[in-house]
Amino acid sequence: MDKKRNGEMKRIASVFLLVLLVVPPLSAGEHEEQSVVLVSDSDIFYSLIAAPLAYMKQNPLLLFHREMRDGHAQFLDSYGADELVVVGGTLSSSHAKKEFPGTPAEVSLDIARHFYDSCESVLLIPYNMSYYSLSLIATPIACYRHAPLIVYDHNDADIRELLDRLEVQQIICVGNVSIEGFDIVHLSTNEEIYDYLFTI
């Protein structure tokens, strides 16, 4: 019974995340720039990192495998993209680009440094497949809190430097990760994540 319920919750979370990426916030104004977020499929954590960014910027999010295909180019032309934000790799394109290659931990920190001047909270997830499902379900928290999603991979010093720079007050931690010296919210189960989502 619990496995069936968990499976249903994961499907709901996946649909919820898809809706977040497709439907911009109702309060949003016009696009400042016509950007498109392109995410490498070489690591599934890149999509989690990119989701809050695409939601914040109200930009479409597309996956790519090593290079852009004809379908990507057609979409970019029809959308009128001025700029590409490439998460988890590099791409050959005539469009202006901001590229963020590196490991998921490095990419998450680079994106936070580049796109966030300050923020009240961050969502911290472990770079660990054992916690991937929990991290997937928790990703909408970062979207709704306008918080960067940071990947923890034994990079405490780099994370602490970023948190200080962004004047972060609260870390929402998924699974078994934590950084001392901050207000911490621990989310260790599907139910805790859903309960937290309902408080936003």
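Just so we're clear, the structure is a prediction, and the values are computed from it rather than from any experiment.

(A) A look at the sheet that holds strand β5 (residues 121-126). Strands sit in the order β6-β5-β7-β8 across an open sheet of four strands; the sheet is parallel. At either end of the open sheet lies a strand with only one pairing partner, and these are β6 (149-152) and β8 (183-187). Looking at each pair of strands side by side, their axes are set apart by 25 degrees on average, direction ignored. For β5 and strand β7 (residues 170-174), the ladder comprises four bridges, and the chain directions are parallel. Paired with S121 across the strands is Q170, a residue of β7. Against the sheet, helix α2 (residues 45-57) touches β5 and β6, its axis set at about 150 degrees to β6. Contacts between helix α7 (residues 190-197) and the sheet are confined to β7 and β8, with β8 contributing the most and set at about 125 degrees to the helix.

(B) Highlighting the nonpolar core. V87 and L124 are the most contacted members of the largest nonpolar core, which totals 53 residues. Leaving out residues up to four positions away in the same chain, V87 has contacts with V37, L38, V39, S40, Y46, A50, F100, V107 and I111.

(C) Focus on the packing of aromatic side chains. Within this structure, the stated rule accounts for five aromatic pairs. Taken together, a centroid distance of 5.9 Å and an interplanar angle of 85 degrees make the contact between Y55 and Y144 edge-to-face. Of this pair, Y55 sits in helix α2 while Y144 is found in helix α5 (residues 132-145), placing the two residues 89 residues apart along the sequence. Y55 gets classed as buried once you look at its relative accessible area, which sits at 10%. The partly exposed category is assigned to Y144, whose relative accessible area is 32%. For the ring pair F100 and F115, a centre distance of 5.7 Å and an interplane angle of 50 degrees mean the geometry is tilted. Linking F100 in strand β4 (residues 96-100) with F115 in helix α4 (residues 104-115), this pair joins segments that are 15 residues apart in sequence. Residue F100 is classed as buried on the basis of its relative accessible area, which comes to 7%. Linked through ring pairs, F45, Y127 and Y132 together constitute an aromatic cluster.

The rules we used
Residues numbered from 1 in each chain as written. Predicted model: local features only at pLDDT ≥ 70, side-chain atom pairs only at ≥ 80, totals over all residues. Heavy atoms only, no water. Pairing = 2+ DSSP bridges. Helix = DSSP H or I, 4+ residues; strand = E, 2+ residues; numbered from the N terminus. Axes fitted to C-alpha atoms, helices over the stretch in contact; angles between N-to-C directions. Contact = heavy atoms within 4.5 Å. Core = buried A, V, L, I, M, F, W, Y, C linked by side-chain atoms within 4.5 Å. Buried < 20%, exposed > 50% of the residue type's maximum accessible area, 1.4 Å probe, protein only. Phe/Tyr/Trp six-rings, centres within 6.5 Å; stacked < 30°, edge-to-face > 60°.

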